[in-house]
Amino acid sequence: MPRPRATAPVPRSGLPLYLATAFCARLAEEGMAVAVALLALQRAGDAAQGAFVLTAWMAPHVVAAPLVGALATRMRRPRLCYLGALSGFTAAVVTLSLLIGRAPAPVTLAVAVAGGACGPVVSGGLSSLIAVLVPAGPRQDRAYALDAAVYNAASVAGPALVGVTAAVASPGAAMLLLGTVAAGAVAAATGLPYGPARQRTDARPATTLRADLAAVWRVRELRAITAGTCLAFLGMGGLTTTAVLLAAHHGHPGAGGALMTAFAVGALGGSLALARWQLPLSDPRLATLSLCGTGVALAAAAPVPSPAVCGALFVLAGACDGPLLTATFRIRAVYAPSRARAQIFTLGAGLKITAAACGAAAVGAGAALPPPLLLLAIAAVQLGGALLHTLVRRSKGPGDAHADTAGADPTRGAVSGPAPAERP
């Protein structure tokens with residue numbers, strides 16, 4: 001009697017190890033802006049060099065995102081792509097800690113560009129692994145909520161860690177510590193399951209890349225969440241500068257950092273609450289409500305002179321913004337074709353970071369305007385993002401019918417409902 005064919009073992013969920021990897025990598029990324037600025041100011045006596053380094057760090061994201069995503073999609077062993085990107089990111093952080101203020105500017109900027117090219121894996125690509133680690137359904141929904149919470153926790157802990165270390169030791173030591181934390185992410189990532197080795201494909205890289213990028217436009221839900229969040233991040237990119245100006249305008253210089261900490265704490269609380277409690281909302285509706293809530297709370301904070309009340313409204317704005325990241329992750333996971341999932345996650349992250357960089361530049365150009373007016377403009381952009389997301393979702397594109405019948409269920413709830421079938 002022939003022996004039955006052995007089936008491949010189902011890998012154990014590596015979610016705790018993944019969350020540790022994501023937290024370390026994103027903590028290093030979130031601390032970079034503060035560390036670079038402090039280090040440039042200490043060594044060069046001018047924060048302008050730090051601004052140029054940060055620009056070089058962020059600029060490659062939109063170009064590198066589709067390329068990194070395509071590489072992760074095509075490699076037979078995706079482990080090598082993720083570990084290589086995290087290692088390059090770590091090496092760039094450590095090298096910049098030695099070069100800023102000491103080496104010629106072109107050398108420093110070249111290293112920043114190389115490190116920034118690895119950034120899309122940290123900012124978005126890692127999240128695509130959750131679909132491999134956790135089966136579809138409520139457990140996967142909760143995993144994405146925890147992933148968003150980790151992201152928000154890193155945004156709180158990263159700048160705080162840098163600030164404390166720079167005060168106790170030096171900005172250089174703070175940046176080296178970020179490099180050590182990033183190295184911890186590389187070590188943790190070596191133990192993650194990355195799914196089975198992929199089959200070789202005869203398709204040309206350019207053809208695959210175009211097809212994967214087209215999926216963002218063809219699939220209505222992907223198109224809507226990308227458009228809405230990119231517009232929202234155009235405003236969010238200038239929120240830090242605006243918070244600093246707003247605090248000074250109301251007679252509380254130095255309180256801008258506290259406002260942004262309040263926003264980040266609120267975002268962390270919103271993400272954790274979503275992971276803890278099940279809401280009877282679909283992911284698209286959750287995204288729209290999150291954008292609306294953030295916009296309304298920021299608009300209410302604009303004319304308020306009281307630091308306590310303004311801080312409370314920033315906490316509320318953050319609490320509304322936190323679930324947006326969770327909804328974004330889950331929409332991408334549900335509607336992205338499995339072969340293009342990493343591509344779509346990295347591309348979405350790259351576009352949002354680029355939009356944020358443009359928003360920061362816009363606020364810098366309009367810094368002479370009254371800060372409450374700037375905050376109202378940022379709030380209006382959030383509401384515009386909600387409106388754009390809704391309008392795009394309701395519009396019909398040439399590939400929408402195919403996308404809807406390819407396995408994604410547009411009525412799927414955020415935390416309930418049947419898991420969608422995997423699309424080819």
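Residues numbered from 1 in each chain as written. Predicted model: local features only at pLDDT ≥ 70, side-chain atom pairs only at ≥ 80, totals over all residues. Heavy atoms only, no water.

(A) Looking closely at the overall build of the protein. Per the secondary structure count, the protein includes 18 helices and zero strands. Within the protein, the fraction of its 424 residues that count as buried is 51%. If you take every contact in the protein between residues at least 6 apart in sequence, the share linking residues at least 24 apart comes to 83%. When the accessible surface of the protein is summed, it comes to about 18,000 Å², and 69% of that surface belongs to carbon and sulfur atoms. (Helix = DSSP H or I, 4+ residues; strand = E, 2+ residues; numbered from the N terminus. Buried < 20%, exposed > 50% of the residue type's maximum accessible area, 1.4 Å probe, protein only. Contact = heavy atoms within 4.5 Å. Areas by Shrake-Rupley, 256 points an atom, 1.4 Å probe, with all protein chains shown as cover.)

(B) Region of interest: the pattern of salt bridges. One pass over the full model with this rule turns up three salt bridges. A salt bridge links Glu221 to Arg393, with the shortest nitrogen-to-oxygen separation between them at 3.3 Å. Highlighted residues: Glu221 in helix H11 (residues 220–236) and Arg393 in helix H17 (residues 371–394), separated in sequence by 172 residues. With relative accessibility at 5%, the residue Glu221 sits in the buried group. Of the charged contacts, one joins Asp283 and Arg330 as a salt bridge, the two residues approaching to 2.9 Å between their closest N and O atoms. Here Asp283 is found in helix H14 (residues 283–301), whereas its partner Arg330 is found in helix H15 (residues 307–335), with 47 residues between them in sequence. Residue classification places Asp283 among the buried positions, given a relative accessible area of 3%. (Salt bridge = Lys/Arg side-chain N within 4 Å of Asp/Glu carboxyl O.)

(C) Molecular detail of helix H5 (residues 105–117). Between its terminal C-alpha atoms H5 stretches 18 Å, which fits the 18 Å expected from 13 residues at 1.5 Å a residue. When we look at burial in H5, the residues that qualify are Thr108, Val111, Ala112, Gly115 and Gly116. One face of H5 carries all of its buried residues, which in axial projection span an arc of 135°. (Expected span 1.5 Å × (residues − 1). Arc of directions from axis to C-beta.)

(D) Structural view of the nonpolar core. Counting 62 residues, the largest nonpolar core has Tyr18, Trp57, Phe89, Leu96, Ile100, Leu126 and Met175 as its most contacted members. Not counting residues within four places of it along the chain, the set of residues in contact with Trp57 comprises Met32, Phe89, Ala92, Val93, Leu96, Ala112, Gly115 and Gly116. Core analysis: the second largest hydrophobic core is formed by 20 residues, Leu239, Leu246, Ala301 and Ile378 among them. (Core = buried A, V, L, I, M, F, W, Y, C linked by side-chain atoms within 4.5 Å.)

(E) Expanded view of helix H13 (residues 256–276). Relative to the 30 Å expected for 21 residues at 1.5 Å per residue, H13 spans 30 Å between its end C-alpha atoms, a close match to the ideal helical length. Taken as a whole, H13 has its buried residues at Gly256, Leu259, Met260, Ala262, Phe263, Ala264, Gly266, Ala267, Gly270, Ser271, Leu274 and Ala275. Buried residues in H13 make contact with helix H8 (138–168), H11, helix H12 (239–249), H14 and H15.

(F) Geometry of the packing of H12 against H17. H17 packs onto H12 with a crossing angle of 145° between their chain directions and a minimal axis gap of 8 Å. In terms of crossing hand, the pair formed by H12 and H17 is left-handed. Listed contacts from H17 to Leu239, Thr242, Leu245, Leu246 and His249 of H12 are Pro371, Pro372, Leu374, Leu375 and Ile378. The class makeup of the residues in the contact of H12 with H17 is eight nonpolar, two polar and no charged. (Axes fitted to C-alpha atoms, helices over the stretch in contact; angles between N-to-C directions. Left-handed = near helix turned anticlockwise from the far one by under 90°. Nonpolar A, V, L, I, M, F, W, Y, C, P; charged D, E, K, R; others polar.)

(G) Spatial organisation of the side chain of Thr328. With respect to the element layout, Thr328 can be found in helix H15. Only 2.8 Å separates the side chain of Thr328 from the backbone oxygen of Leu324, close enough to count as a polar contact. The contacts of Thr328, once residues within four sequence positions are left out, are Ile225 and Thr229. (Polar contact = N/O pair within 3.5 Å; in protein donor to acceptor, adjacent residues only side chain to side chain.)

(H) Structural detail: a nonpolar patch on the surface. Taken together, the side chains of Leu369, Leu373 and Leu376 make up a nonpolar region of the molecular surface, amounting to roughly 260 Å² of accessible area. If you trace the backbone, Leu376 turns up in helix H17. A relative accessible area of 39% places Leu376 in the partly exposed class. (Patch = residues over 30% accessible without salt bridge, like charges linked within 9 Å, V, L, I, M, F, W, Y side chains within 5 Å.)

(I) A look at the environment of Thr390. Structurally, Thr390 can be placed in helix H17. Each C-alpha atom, one on Thr390 and one on Pro284, is 8.5 Å from the other, the two residues being 106 residues apart in sequence. Here Ala386 takes part through its backbone oxygen, which lies 3.0 Å from a polar atom of the side chain of Thr390.

(J) Main features of the packing of aromatic side chains. Going through the model one piece at a time under the given rule, you end up with four aromatic pairs. Seen in terms of ring centroids, Tyr144 and Phe329 are 6.3 Å apart; in terms of plane orientation they differ by 45°. Their pairing is tilted. Of this pair, Tyr144 sits in helix H8 while Phe329 is found in helix H15, placing the two residues 185 residues apart along the sequence. Tyr144 gets classed as buried once you look at its relative accessible area, which sits at 1%. Relative to Phe345, the ring of Tyr144 has its centre 6.5 Å away and its plane inclined at 15°; by these criteria the two rings are stacked. Here Phe345 lies in helix H16 (residues 341–365) and Tyr144 lies in helix H8, a separation of 201 residues in the sequence. We note that Tyr144, like Phe345, is buried. (Phe/Tyr/Trp six-rings, centres within 6.5 Å; stacked < 30°, edge-to-face > 60°.)

(K) Just the packing of H12 against H13, in detail. Running from N to C, H12 and H13 cross one another at 130°; their axes reach a closest spacing of 7 Å. Overall, the two elements H12 and H13 adopt an arrangement that is oblique. The interaxial crossing formed by H12 with H13 has right-handed handedness. In this structure, H12 contributes Leu239, Thr240, Ala243, Val244, Leu246 and Ala247 to the contact, and H13 contributes Gly256, Leu259, Met260 and Phe263. (Parallel < 35°, antiparallel > 145°, perpendicular 65-115°, else oblique.)

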